[in-house]
Amino acid sequence: MKIGISCHHTYGGSGAVATELGKALAARGHVIHFINRSAPFRLGAYSKNIFYHEVEAMHYPLFECPFHSLALATKIAEVAMYEKLDIVHAHYAIPHALSAILARQMLEDKCSESRCFRLATTLHGTDITVVGADSSMQGIVRLAINKSDGVTAVSEYLKRETVRLFEPRKEIGVIPNFVDTGVFARMPDGAAIREQLGLGDEKICIHISNFRPVKRIGDVLRAFRTIAGRLSATLLLVGDGPERSEAEEWVRKQGIADRVRFLGKIDDIVPLLSVSDLMLMPSSGESFGLAALEAMACGVPVIVTTAGGFPEFIRDGEHGFLVETGDVERMSEKGLSVLADVGVWKEFSENCVRQARNYHISGLVERYEAFYLRLLGERGRR
Ligand code: GMT
C-alpha cells in the first residue's frame, strides 16, 4: 500500500506512535510518505520506502500567523495525487484529519471517488479530552471524526470519552499503542550509563512528559521528596514544557535540587530507562500512557493513576501500583515498597517486560494493516 502519514512532529506520544508505525509499515514493504510541518522527532535517518514532505506555510503580513492547516491540506492533496496514495493516516484529530478532508475535496475533480485516498484517523487523547472538549473546538473535532472513513482510538477509555463527548456518527475502533521490544529493552551496561550520567548506586526514579498540567508534575516532585527522605535516590525528569520552570523553582526551595535532574528533551530514552528503578506517572487523565509502556519494556515498574487508559495494561501489584489521582502519599508509600525490596522489584520488573511483549509492535502493525485493507475494500464497493 501507499500510505501518507500526518502527525505532530513535536516531542510526544502521538508523534512517536505515528512515526514508529510508519517505519514498521515501511519495513513490511509499504511505501510511506510523511507529510508534516517538520520531520517527526523519531524519524531518524533515511530508509528505503520512507519519504518525507515538509509543509511550508505562506507568511504574509496580513496574516497574524501562517495558515499551517491549509498548507498541510494542499500538500496532502499534492502528494496523494502524484504518489497515488491509497490511505492517508491522520494522527490526532486536528488539524491532520481536517486537512486531509479538505485535501480530498480539492481532489474531487482530479480523481474519481473510487481512486481517491481513504482517510484513517487515530485519536490519541488530548485531541478529545482537552482540545476537543473546549467549546471553540468541539464542532470541528466532531466533523473530523464523522468525515473520516475509519477512526481508531488508542484505548477503550478514549473510545468511551469520544462517544460521551461527541456522540459521533462514526463507529470508533480501538487499536492500543505498542512498543518495539527489540529497541525498548534494558541495556546490560547499567554501570557505564550511570557513570556517564554522573550517578552513583542510588535508586533512580524517572518521569517523562511534556510538563503540561495533565501530567501533574507537582505530584511527581512531592512523591519523590518523600521517597528521597527515606532512601538514597535521584529523580530524572525527561522532557520540557510549560510547568518546568515552576517545578525547578519548587525543587530549589525544597532543598532537593541536588537529587533532581532536569534533562530536557531527549530522543533516545532507552539508556535512561535502563538505569531506572521506578517510573512515576501520576497524570489526571492519560488516554494510554505510552511512556509507561516503554518503561515497562525496559523492566521499569510503574506507579500510575487509575485515571484514563492505564488500567487497561497495568495491573496493580503486578507491574507496579495504580493510585487515585492526587494521592501522593500512597504514591510514595507504594514507590518505597517497590524500591526497598529487591525481590519485589525483580518480580515486578520481569512482569513488566512480559506484559510489554503483549504490546509488541508487530501484532499491532498487522491490526493497522487490516484496518487499512478494510477501508480500501469499502472503497471498492462504493
Ligand atoms: O499530551 C500528551 O501527553 C501528548 C499526547 C500526544 O499527542 O503526543 O499524548 C497522547 O497520545 C499518546 C499516544 O497515543 C498517549 O500515549 C498519551 O496517553 C496521550 N496523552 C494524554 O492523553 C494526556
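Residues numbered from 1 in each chain as written. Predicted model: local features only at pLDDT ≥ 70, side-chain atom pairs only at ≥ 80, totals over all residues. Heavy atoms only, no water.

Some details on the overall build of the protein chain
Note the threshold: For the purposes of this entry, the term helix denotes a DSSP run of H or I that reaches at least four residues, the term strand denotes a run of E that reaches at least two, and both are numbered from the N terminus. Atoms considered for the radius of gyration are the C-alpha atoms alone. The globule rule reads 2.2 Å times the number of residues to the power 0.38. Buried, partly exposed and exposed residues are distinguished by accessible area as a fraction of the type maximum, computed with a 1.4 Å probe on protein chains only: under 20%, between the cut-offs, and over 50%, respectively. Pairs of residues are marked as contacts when any of their non-hydrogen atoms sit within 4.5 Å. Accessible surface area values rest on a Shrake-Rupley calculation with a 1.4 Å probe, where residue burial reflects the displayed protein chains alone.
Tallying secondary structure elements over the protein chain gives 14 helices and 13 strands in all. In summary, the protein chain has a C-alpha radius of gyration of 22 Å against a globular reference of 21 Å for 382 residues, a match within 12%. For the C-alpha atoms alone, the extent of the protein chain along its principal axes is close to 70 × 45 × 40 Å. Out of the 382 residues in the protein chain, the part that is buried amounts to 54%. Partitioning the intrachain contacts of the protein chain with sequence separation of at least 6 by distance along the chain shows that 69% fall at a separation of at least 24. Carbon together with sulfur atoms contributes 50% to the accessible area of the protein chain, which is approximately 16,700 Å² in total.

What to know about the domain arrangement of the protein chain
Heads up, the rule is: For every domain, the bounds stem from an assignment made automatically or drawn from a database. Defined in terms of a 1.4 Å probe, buried area is the accessible area two parts forfeit on being brought together, summed over both. We define a salt bridge as a side-chain nitrogen of Lys or Arg found within 4 Å of a carboxyl oxygen belonging to Asp or Glu. We call two N or O atoms a polar contact when they sit within 3.5 Å, provided that within protein one can donate a hydrogen and the other can accept it, with sequence-adjacent residues counted only if both atoms are side-chain atoms.
You can read the domains of the protein chain as domain 1 (2-178 + 361-380) and domain 2 (190-357). On a C-alpha basis, the centres of domain 1 and domain 2 stand 31 Å from each other. With 16 residues of domain 1 in contact, the opposing surface of domain 2 contributes 18 residues. For the pairing of domain 1 and domain 2, the buried interface totals around 1,300 Å² over both sides, and the portion due to carbon and sulfur atoms is 59%. Together, Tyr11, Arg42 and Tyr157 form the three largest contributors to the area buried by domain 1 at its contact with domain 2, with a combined 49%. Scanning the region where domain 1 abuts domain 2 turns up 0 salt bridges. Here domain 1 is connected to domain 2 by 4 residue pairs in polar contact (both at pLDDT 80 or more). Within the residue set of the side of domain 1 that touches domain 2, elements represented by two or more residues are α1 (13-27) and α6 (156-166).

A look at empty space enclosed by the protein
Threshold: Using only the protein atoms, space was sampled on a 1 Å grid; points where a 1.4 Å probe fits but cannot get out form cavities, open sets with protein on both sides within 12 Å along at least five of seven lines form pockets, and lining residues are those with an atom within 4 Å of a point. Grid points are joined across faces, edges and corners, and a volume is the space filled by probe spheres set on the points. Following the grouping adopted for this structure description, the nonpolar residues are Ala, Val, Leu, Ile, Met, Phe, Trp, Tyr, Cys and Pro, the charged ones are Asp, Glu, Lys and Arg, and the polar ones are all others, Gly among them.
The tally for this structure, following the rule as stated, stands at 1 cavity of 30 Å³ or more. Lining the largest cavity are Ala16, Val17, Glu20, Arg42, Phe178, Val179, Asp180, Phe184, Leu290, Glu294 and Ile361. Counting residues per element, the lining of the largest cavity draws most heavily on α1, at 3 residues. Of the residues contributing to the lining of the largest cavity, the split by class is 7 nonpolar, no polar and 4 charged.

Topic: the pairing of strand β10 (residues 260-264)
As a reminder, the rule being used: Here, strands pair whenever DSSP counts at least two bridges between them. Handedness is read with the strands pointing away from the viewer; a crossover is right-handed when the path from the first strand over the helix to the second is clockwise.
Residues Val260, Phe262 and Gly264 of β10 are buried on one face, while the alternating residues Arg261 and Leu263, pointing to the opposite face, are not. By the bridge criterion, 4 bridges tie strand β9 (residues 233-238) to β10 in an arrangement that is parallel. Opposite Leu235, over in β10, you have Val260 as the bridge partner. What joins β9 to β10 is helix α9 (residues 244-253), and the crossover it makes is right-handed.

A look at helix α13 (residues 342-357)
Let me state the cut-off plainly: Given a helix with a known number of residues, its expected span is that number minus one, times 1.5 Å. By construction, the arc corresponds to the directions joining the helix axis to the C-beta atoms.
With 16 residues, α13 extends 23 Å between its outermost C-alpha atoms, agreeing within 8% with the 22 Å of an ideal straight helix rising 1.5 Å per residue. Where α13 is concerned, the buried positions are Trp345, Phe348, Ser349, Asn351, Cys352, Gln355 and Ala356. What you see down the axis of α13 is that its buried residues fit within an arc of 165°, all on one side. Every exposed residue of α13 that faces more than 90 degrees away from the buried side is listed here: Val342 and Arg357. Summarising the contacts, the buried residues of α13 are in contact with α11 (290-297), β13 (320-323) and α12 (328-339). N-capping of α13 is provided by Asp341, with a side-chain oxygen placed 2.9 Å from the backbone N of Gly343.

Quick notes on the layout of surface pockets
Estimated volume of the largest pocket: approximately 1,100 Å³. Only α1, α4 (126-129) and α11 provide two or more residues apiece to the lining of the largest pocket. Per element, the largest residue contribution to the lining of the largest pocket is 5 residues, and it comes from α1. Looking at the lining of the largest pocket, its residues break down into 20 nonpolar, 17 polar and 8 charged.

A closer look at the pattern of salt bridges
Within the structure shown, the criterion is met by 19 salt bridges. Note that Lys215 and Glu286 form a salt bridge whose closest N and O atoms lie 2.9 Å from each other. Separated by 71 residues along the polypeptide, Lys215 in the loop between β8 (203-208) and α8 (217-230) and Glu286 in the loop between β11 (278-281) and α11 bring together distant segments of the chain. When sorted by exposure, Lys215 lands in the same class as Glu286, which is buried.

Quick look at the site of the ligand
Counted only if it meets this: Only a single heavy atom is needed: when it lies within 4 Å of a molecule or strand, its residue is near that molecule or strand.
Inspection of the region around the ligand gives 17 residues, with Gly13, Ser14, His124, Lys215 and Glu286 positioned closest. Here an oxygen atom of the ligand sits 2.6 Å away from a polar atom, N or O, in the side chain of Ser14. Here His124 contributes a side-chain N or O atom positioned 2.6 Å from an oxygen atom of the ligand. When the ligand sits alone it has 480 Å² of accessible area, and the protein chains cover 93% of it.

Structural notes on the side chain of His96
The topology assignment puts His96 in helix α3 (residues 93-106). A relative accessible area of 5% places His96 in the buried class. A polar side-chain atom of His96 sits 3.4 Å from the main-chain carbonyl oxygen of Cys7. When sequence neighbours within four positions are dropped, the list of residues in contact with His96 reads Ser6, Cys7, His8, Leu72, Ile76, Ala90 and His91.

Some details on the nonpolar core
Selection criterion: Nonpolar core, defined: a set of buried Ala, Val, Leu, Ile, Met, Phe, Trp, Tyr and Cys residues in which side-chain atoms within 4.5 Å join the residues together.
Ranked by internal contacts, the top residues of the largest apolar core, which has 98 residues, are Phe117, Ile208, Leu273, Met279, Ala292, Phe313 and Tyr372. At 8 residues, helix α14 (residues 361-381) tops the list of elements feeding residues into this core. When residues are assigned to domains, this core turns out to be shared by domain 1 (2-178 + 361-380) and domain 2 (190-357), each giving three or more. Contacts of Phe313, omitting those with residues within four sequence positions, involve Phe288, Gly289, Ala292, Leu293, Met296, His319, Gln355 and Tyr359.

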